[in-house]
Amino acid sequence: MKTAQIISLLLYLFLTATIAQTYSPAYKTEKVDTVQLRISKLERSVRENKDAASYYELAKIYWSKDSYEKRNRAFDYAYYAVAEDEKNIEYKYFYADLCQSFSRFKSLDIWKEILEIDSTQIPALLNLAEFSAREFQEWDNSYRNLGATLAPLQKWADEDYVEAVKYYERALRIDSTNYDLCLKVALFFEKNNKPRLAI
């Protein structure tokens, strides 16, 4: 009798396991994509509240995606975040970083707006200085071909040089002990044949 009970128990367990394996896909719950769930919640919040924080979070999520369409959406959401909360420096830095990929001159305006909010923002000063330094190096000793003559572009290069120096000096007045800042300023002067200023 015991043997029959054991065999029927084993048969029951075997059949239960087989049926569970055969029919389990019908009973499994779908794995929830947490990022997609978060996106849908944020998009609902944007539709209902138009709040800057949701725009900003959506912009960060979409910027991390590897598609042109998603990055364009990130740019739009960052724009709306800044438009909804014009005094938020964190949103402005993020938007300025995106603008470097889409519209580099717009990033200049944003960095200047950041300085209007808080004139001690060294990253904004450095971004402005480095932008002007790149422009200077691009135009230094350059000429524009006007057909029969070559027109020098040194005037514009010199203006960019003065701008770069102005922003570097402002940053140094705020924090002259910042090693990275001092190194960037020294390298700028060294690269532009002004080693005495680099010291």
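Here's what I pulled together on the structure shown here. All values derive from a computational prediction rather than experimental measurement. (Residues numbered from 1 in each chain as written. Predicted model: local features only at pLDDT ≥ 70, side-chain atom pairs only at ≥ 80, totals over all residues. Heavy atoms only, no water.)

### Quick word on the overall build of the protein chain
Note the threshold: A run of H or I in DSSP counts as a helix once it spans at least four residues, and a run of E counts as a strand once it spans at least two, with each numbered from the N terminus. To sort residues, take the accessible area from a 1.4 Å probe on protein chains only and compare it with the maximum for the residue type: under 20% means buried, over 50% means exposed, and anything in between is partly exposed. Every residue pair with non-hydrogen atoms within 4.5 Å of one another is taken to be in contact. Here the accessible surface of atoms and residues is derived via Shrake-Rupley with a 1.4 Å probe, and residues count as covered only by protein chains that are part of the display.
Scanning the protein chain from N- to C-terminus turns up 10 helices and 2 strands. Starting at the N terminus, the α and β elements of the protein chain follow one another as α-α-α-α-α-α-α-β-β-α-α-α. For the protein chain, with 199 residues in total, the buried portion stands at 32%. Across the protein chain, contacts joining residues at least 24 apart in sequence account for 44% of those joining residues at least 6 apart. Carbon and sulfur atoms provide 55% of the accessible area of the protein chain, an area that totals close to 13,700 Å².

### Points about helix α3 (residues 52–63)
Our working rule: Helix span is expected to be 1.5 Å times the residue number reduced by one.
For α3, with 12 residues, the first-to-last C-alpha span of 16 Å sits near the 16 Å given by 1.5 Å per residue. Taken as a whole, α3 has its buried residues at A52, S54, Y55, Y56, L58, A59, I61 and Y62. Contact partners of the buried residues in α3: α2 (34–49), α4 (68–84) and α5 (89–102).

### Some details on the packing of aromatic side chains
Under the convention used in this document: Stacked, tilted and edge-to-face are the three classes assigned to paired rings of Phe, Tyr and Trp, where Trp is represented by its six-membered ring and a pair needs centres within 6.5 Å; plane angles under 30 degrees give stacked, over 60 edge-to-face, the rest tilted. A ring is considered to have a charge above it if a Lys NZ or an Arg CZ atom is located within 6 Å of its centre and within 35 degrees of its normal.
With the rule as written, the count across this model stands at 9 aromatic pairs. With a centroid separation of 5.6 Å and an interplanar angle of 85°, the aromatic rings of Y56 and F94 are classed as edge-to-face. Placement of the pair is Y56 in helix α3 and F94 in helix α5, with a sequence separation of 38 residues. Overall, F94 belongs to the buried group, its relative accessible area being 15%. With a centroid separation of 5.5 Å and an interplanar angle of 65°, the aromatic rings of Y79 and Y80 are classed as edge-to-face. Aromatic rings pair up to connect Y55, Y62, F75, Y77, Y79, Y80 and Y95 into one cluster. The cationic tip of R71 hangs over the ring face of W63; the distance from NZ or CZ to the ring centre is 4.5 Å. The ring centre of Y167 lies 4.8 Å from the NZ or CZ of K166, which sits over that ring.

### Examining the packing of α3 against α4
What counts, and what does not: Think of each axis as a best-fit line through the C-alpha atoms, taken over the contacting stretch in the case of a helix, with angles from 0 to 180 degrees between the N-to-C directions. Any angle from 65 to 115 degrees is called roughly perpendicular, while one under 35 is roughly parallel, one over 145 is roughly antiparallel, and all others are oblique. A clockwise turn of the near helix away from the far one marks a right-handed crossing, whereas an anticlockwise turn of less than a right angle marks a left-handed crossing. Residue type decides the class: Asp, Glu, Lys and Arg count as charged, Ala, Val, Leu, Ile, Met, Phe, Trp, Tyr, Cys and Pro as nonpolar, and the leftover types, Gly among them, as polar.
Their axes nearest at 7 Å, the elements α3 and α4 cross at an angle of 155°. Here α4 runs roughly antiparallel to α3, going by the angle between their axes. The chirality of how α3 crosses α4 is left-handed. Contact residues: α3 offers A52, Y55, Y56, L58, A59, Y62 and W63, while α4 offers K70, R71, R73, A74, Y77, A78, Y80, A81 and E84. Among the residues making up the contact of α3 with α4, the classes are represented as 12 nonpolar, no polar and 4 charged.

### Let's talk about the environment of F189
Summarising the element assignment, F189 is placed in helix α9 (residues 179–191). With relative accessibility at 7%, the residue F189 sits in the buried group.

### Some points on the pattern of salt bridges
As a reminder of what qualifies: Just to be clear on terms, a salt bridge is a Lys or Arg side-chain nitrogen sitting within 4 Å of an Asp or Glu carboxyl oxygen.
One pass over the full model with this rule turns up 8 salt bridges. Taking the shortest distance from any N to any O, the salt bridge between K60 and E57 comes out at 3.3 Å. Taken together, the residues K60 and E57, both in helix α3 and 3 residues apart, mark about one turn of the helix. Look at E57 and you get partly exposed, because its relative accessible area is 21%. Residue E69 is joined to R73 by a salt bridge in which the shortest nitrogen-to-oxygen separation is 3.9 Å. Here E69 pairs with R73, and both are found in helix α4, just 4 residues apart, close to one helical turn. The class for E69 is partly exposed, based on a relative accessible area of 44%. What emerges from the salt-bridge pattern is a single network uniting R38, E57 and K60.

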